[in-house]
Amino acid sequence: GAGQDLAIDFHYADSWSDPQNQPKPYAWANLPFESEDADTKDLIDTTYDFTYEMIKALIDQGTAPTIVALGNEVTNGMMWGSEYGLVNPFADFHDYYKRFVRGNPDAPLGGGVEWINYEDSEGDTESAEYKSFEASITRLAKLVDAGQRAIRKLNEEYGLNIKTEMHFAFNVFERTSDGKIAMDPDFVSKKVLTLVGGLNDNLSTMSGMTDRIGVSYYPDWHGSYDQVQRNIVELSRMLPGVEFNIAECSPPSSGTVADYMDNPNHEVGFEYSVQSQGDDTIEILKLINDVPNNVGQGVWPWNGQAVYFGGGWYQNAEGTWSQSPPTTLASLKAFKDAFATGVIESTVYVTTKKGVAPTLPETVKELTVSDKSVSAVTVTWDVPQDASYDELGVFEIFGTAAAKGNMVDVVAIVTVVE
């Protein structure tokens, strides 16, 4: 009713899934990955059916999504099976692994990417290890294809245009039993291109590449703005026509940077604030907006109420619970301004002589984003105090434009000369 769109991010798991944790749903644990017997339900068929039925239910109740991500942070694949131990050295050994994979010679394959075999191959693309790694990418592509075919079928049946997305998280910091370690960013970028290039090659023989790629961005896992943007730009060159977005981010509004791996964008000792959260949000918006050819298409906050709002329930010294009214944070204005319907000429420069009231423009320009047209809109200026232009120097006068969009604040930078 508010005109918002809905994006669905499938985890295809009975728990949170992330690069170190991608268990199959328990009910699917013993399904064969792929069966030639049409009467045998396999993991590919089940992924198709679940995706189709879930999204169909959303459509039927009047909440059709516009984007569906087929897996959550699938950098190391998803729905890991018997290849679980070959995925990466940082994997969590989930309860699902202990129940269905460990010690089970009949455990079926899943969609895990065999990065350990990739590294063991030492670049020999003809080695058995590399061939096994390539086969694992093909299996992941088949699971993505199953979900995508379900969405394409629903689009055909309902006359919709739901977009498909793959969602990745490119870690440059990893967690070990001894704490976090830093990876070589160049090596990470090489893996990124190898993985997505392999998926693209496979999907091109199936239902095609997904419409979008989403990338998670948490500095304590994914490094600096430049490192993340580098990967997105390189992928955009490889995949012309594919759109990109930041699929998760949650810039903090409190706390301190204790270690450079906490946030490479800030110095150690930096103290987060509501203002810094807004500033960081703007930097993330810039990161994706500046990807060439206008393929950077938006930022999705994770745990949005923590990014947009303060306030809520709290317990006082007497142990009783109270609720403080929600307060909007600086990051909400950053998002609001980024998606303004019109963009105004928000700063003008004026010169006046000492002791003479400045002559301010009656209008500023406004760009209407939808059709790129430019028009003049009137400005109501605050009345400057005499003292502000009685001395040489620079001062500001604030105004409000009668703009169509939600950007209305204007400032005049006034220079007083002899």
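Just above, that's the structure.
The shown structure was predicted, so the numbers you read here are calculated from the model rather than taken from an experiment.

I keep staring at a negative patch on the surface and nothing clicks. Help me out?
On the surface, Glu 119, Asp 120, Glu 122, Asp 124 and Glu 129 cluster together into a patch of negative charge. Inspection of the secondary structure assignment puts Glu 122 in the loop between helix H3 (115-120) and helix H4 (128-158). On the accessibility criterion, Glu 122 (74% relative accessible area) is exposed.

Before we go on, may I ask you to explain the side chain of Thr 47 in this structure?
Take Thr 47: it is sitting in helix H1 (residues 43-60). Within the structure, the side chain of Thr 47 is placed 2.8 Å from the backbone oxygen of Leu 43, a separation counted as a polar contact. For Thr 47, the contacting residues outside a window of four places in its chain are Tyr 12, Trp 28, Met 79, Leu 143, Ala 146 and Gly 147.

Please clarify how the packing of helix H5 (residues 185-203) against helix H7 (residues 225-238) should be interpreted in this entry.
Two quantities define a packed helix pair, namely the angle between the helix axes and the distance between the axes. Contact pair H5 / H7: the axes reach a minimum separation of 10 Å and the direction vectors enclose 30 degrees. Considered as vectors, H5 and H7 are oriented roughly parallel to each other. Helix-helix and strand crossings are classified by hand; for H5 and H7 the assignment is right-handed. Packed against H5, whose contacting residues are Pro 185, Asp 186, Ser 189, Val 192, Leu 193, Val 196 and Gly 197, the element H7 presents Gln 227, Arg 230, Asn 231, Glu 234, Leu 235 and Met 238 at the interface. For the contact of H5 with H7, the per-class residue count stands at six nonpolar, four polar and three charged.

What is the right way to look at helix H10 (residues 330-338) in this model?
Given 3.6 residues to a turn, an α-helix orients residues that are three or four positions apart in the same direction. Of the residues making up H10, those classed as buried are Ser 331, Ala 334 and Phe 335. Down the axis of H10, the smallest arc covering the buried residues is 95 degrees, so these residues share one side.

I tried to follow the nonpolar core on my own but got confused; where do I start?
Note on soluble globular proteins: their nonpolar side chains tend to be buried together. Within the largest apolar cluster, 68 residues are counted, with the highest numbers of intra-cluster contacts made by Ile 55, Phe 168, Ile 213, Ile 232 and Ile 246. Per-element tally for this core: the top contributor is H4, with eleven residues. If sequence neighbours within four positions are ignored, Phe 168 has contacts with Glu 73, Val 74, Thr 75, Leu 195, Val 196, Leu 199, Ile 213, Gly 214, Val 215 and Ser 216. Counting 17 residues, the second largest nonpolar core, distinct from the first, contains Val 364, Tyr 389, Ala 401 and Val 416.

What's the story with unusual backbone geometry in this structure? I'm lost.
Of all residues except glycine, most have a negative phi; of all peptide bonds, most are trans. If you check the backbone angles, Met 79 has positive phi at about 50 degrees while not being a glycine. Tracing the backbone shows Met 79 in the loop between strand E3 (77-78) and helix H2 (95-100). Although it is not a glycine, Asn 303 sits at a positive phi angle of roughly 60 degrees. Examined against the element boundaries, Asn 303 turns out to sit in the loop between strand E10 (296-299) and helix H9 (304-308). Its relative accessible area of 32% is what places Asn 303 among the partly exposed residues.

Conventions and cut-offs
- Residues numbered from 1 in each chain as written.
- Predicted model: local features only at pLDDT ≥ 70, side-chain atom pairs only at ≥ 80, totals over all residues.
- Heavy atoms only, no water.
- Patch = residues over 30% accessible without salt bridge, like charges linked within 9 Å, V, L, I, M, F, W, Y side chains within 5 Å.
- Areas by Shrake-Rupley, 256 points an atom, 1.4 Å probe, with all protein chains shown as cover.
- Salt bridge = Lys/Arg side-chain N within 4 Å of Asp/Glu carboxyl O.
- Lys, Arg positive; Asp, Glu negative; His and termini not counted.
- Charge placed at Lys NZ, Arg CZ, Asp CG, Glu CD.
- Helix = DSSP H or I, 4+ residues; strand = E, 2+ residues; numbered from the N terminus.
- Buried < 20%, exposed > 50% of the residue type's maximum accessible area, 1.4 Å probe, protein only.
- Polar contact = N/O pair within 3.5 Å; in protein donor to acceptor, adjacent residues only side chain to side chain.
- Contact = heavy atoms within 4.5 Å.
- Axes fitted to C-alpha atoms, helices over the stretch in contact; angles between N-to-C directions.
- Parallel < 35°, antiparallel > 145°, perpendicular 65-115°, else oblique.
- Left-handed = near helix turned anticlockwise from the far one by under 90°.
- Nonpolar A, V, L, I, M, F, W, Y, C, P; charged D, E, K, R; others polar.
- Arc of directions from axis to C-beta.
- Core = buried A, V, L, I, M, F, W, Y, C linked by side-chain atoms within 4.5 Å.

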